[in-house]
Amino acid sequence: NNGVEYTDTGSFSLPIGVDISTDRSGSGDPDTAVDYSLNITTPNGTDNINIKTVSTQGWNITLYKDTNSNYIVDESDSVMGWDANGDGDYTDGNDWLNTSHDTDSNNYPDTANISASTTFRIIIRVKIPAGVGGGIQDTTTLTVTSVANIDVTDTATITTTLNQVANVTVEAPVNQSGNPGQTLT
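Residues numbered from 1 in each chain as written. Predicted model: local features only at pLDDT ≥ 70, side-chain atom pairs only at ≥ 80, totals over all residues. Heavy atoms only, no water.

A. Representation of the sheet that holds strand β8 (residues 110–114) within the structure. Read across the open sheet, the five strands follow the order β2-β11-β10-β4-β8; overall the sheet is mixed. Lying at the two open borders of the sheet, with one neighbouring strand each, are β2 (24–28) and β8. Shown here is a sheet whose adjacent strand axes are inclined to one another by a mean of 20 degrees, direction ignored. In the sheet, strand β4 (residues 47–55) pairs with strand β10 (residues 137–146) via seven bridges, with the strands oriented antiparallel. (Pairing = 2+ DSSP bridges. Helix = DSSP H or I, 4+ residues; strand = E, 2+ residues; numbered from the N terminus. Axes fitted to C-alpha atoms, helices over the stretch in contact; angles between N-to-C directions.)

Dropping the structure here:
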């Protein structure tokens, strides 16, 4: 045995883990929302995962549990909460948190216990406000954290770009006539 002693304890544990889908990007017009579907998994055991989102532009972020796993928001999905100013917490005056999605009562939405290698699907809706200029970009950082070990996290970045929207005014034509080559005013 080369001087190494081995004791069989009969069991072992893998470290707690959490994974989130890769980064996402999209674009939209003012006063619209852009949806992003992401998957959360716990590869090594059952865990409850807290979900936090922070928007660099302070845009409204709504989280949905994608109940039927079809990657779009529909009537079967439940709203987990919304962060009206994108600051990452759900405690400001216009924020709202569905308490059935905060099983550890820490004011952040969570997955409740999900077993190893099970996928918990969420949809993140980024609301682009009216009146913002084209080309502006928001980076929403999504951080998922193990409740069993708060040092275990994973992060995804969601980049939303505001489309360039032309501001064109069309006026009714004035009834004029003229000869070819003549300038009308």
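And the narrative resumes.
B. Representation of unusual backbone geometry in the model. Positive phi, close to 60 degrees, is recorded for D31, a residue that is not glycine. By secondary structure assignment, the location of D31 is in the loop between β2 and β3 (32–41). You will see that N107, though not glycine, has its phi angle at about 70 degrees, which is positive. Relative to the helices and strands, N107 is located in the loop between β7 (96–97) and β8.

C. Summary view of the sheet that holds strand β5 (residues 60–65). Taken together, the six strands give an open sheet; going across it, the order is β1-β3-β9-β5-β6-β7, and neighbouring strands pair in antiparallel fashion. Looking at which strands have only one partner, the edges of the open sheet turn out to be β1 (19–20) and β7. As paired elements, strand β6 (residues 78–83) and β7 share two bridges and run antiparallel to each other. Each bridged residue has a counterpart across the sheet, and for G81 the counterpart in β7 is L97.

D. Examining the packing of aromatic side chains more closely. Following the criterion strictly, the structure yields one aromatic pair and no others. Relative to W96, the ring of W82 has its centre 5.0 Å away and its plane inclined at 35 degrees; by these criteria the two rings are tilted. On the criterion of sequence distance, the pair formed by W82 in strand β6 and W96 in strand β7 is long-range, its members being 14 residues apart. With a relative accessible area of 32%, W82 lands in the partly exposed category. (Phe/Tyr/Trp six-rings, centres within 6.5 Å; stacked < 30°, edge-to-face > 60°. Buried < 20%, exposed > 50% of the residue type's maximum accessible area, 1.4 Å probe, protein only.)

E. Quick peek at the environment of R24. As for its placement among the helices and strands, R24 is situated in strand β2. Overall, R24 belongs to the partly exposed group, its relative accessible area being 27%. Sequence separation between R24 and T140 is 116 residues, and the spatial gap between their C-alpha atoms is 9.8 Å. If sequence neighbours within four positions are ignored, R24 has contacts with Y36, S37, L38, T157, I158 and T159. There is a polar contact of 3.1 Å between the side chain of R24 and the backbone oxygen of S37. (Contact = heavy atoms within 4.5 Å. Polar contact = N/O pair within 3.5 Å; in protein donor to acceptor, adjacent residues only side chain to side chain.)

F. The arrangement of the nonpolar core in detail. Counting 26 residues, the largest nonpolar core has L38, I40, I51, I122 and I124 as its most contacted members. Looking at this core, the elements that each hand over two or more residues are β3, β4, β5, β9 (119–128), β10 and β11 (153–162). When residues in this core are grouped by element, the largest group, five residues, is from β9. Once you skip the residues sitting within four places of it in the chain, I51 turns out to touch I40, L63, M80, Y108, P109, T111, I122, L142, T143 and V144. (Core = buried A, V, L, I, M, F, W, Y, C linked by side-chain atoms within 4.5 Å.)

Coordinates in, geometry out; function isn't part of it.
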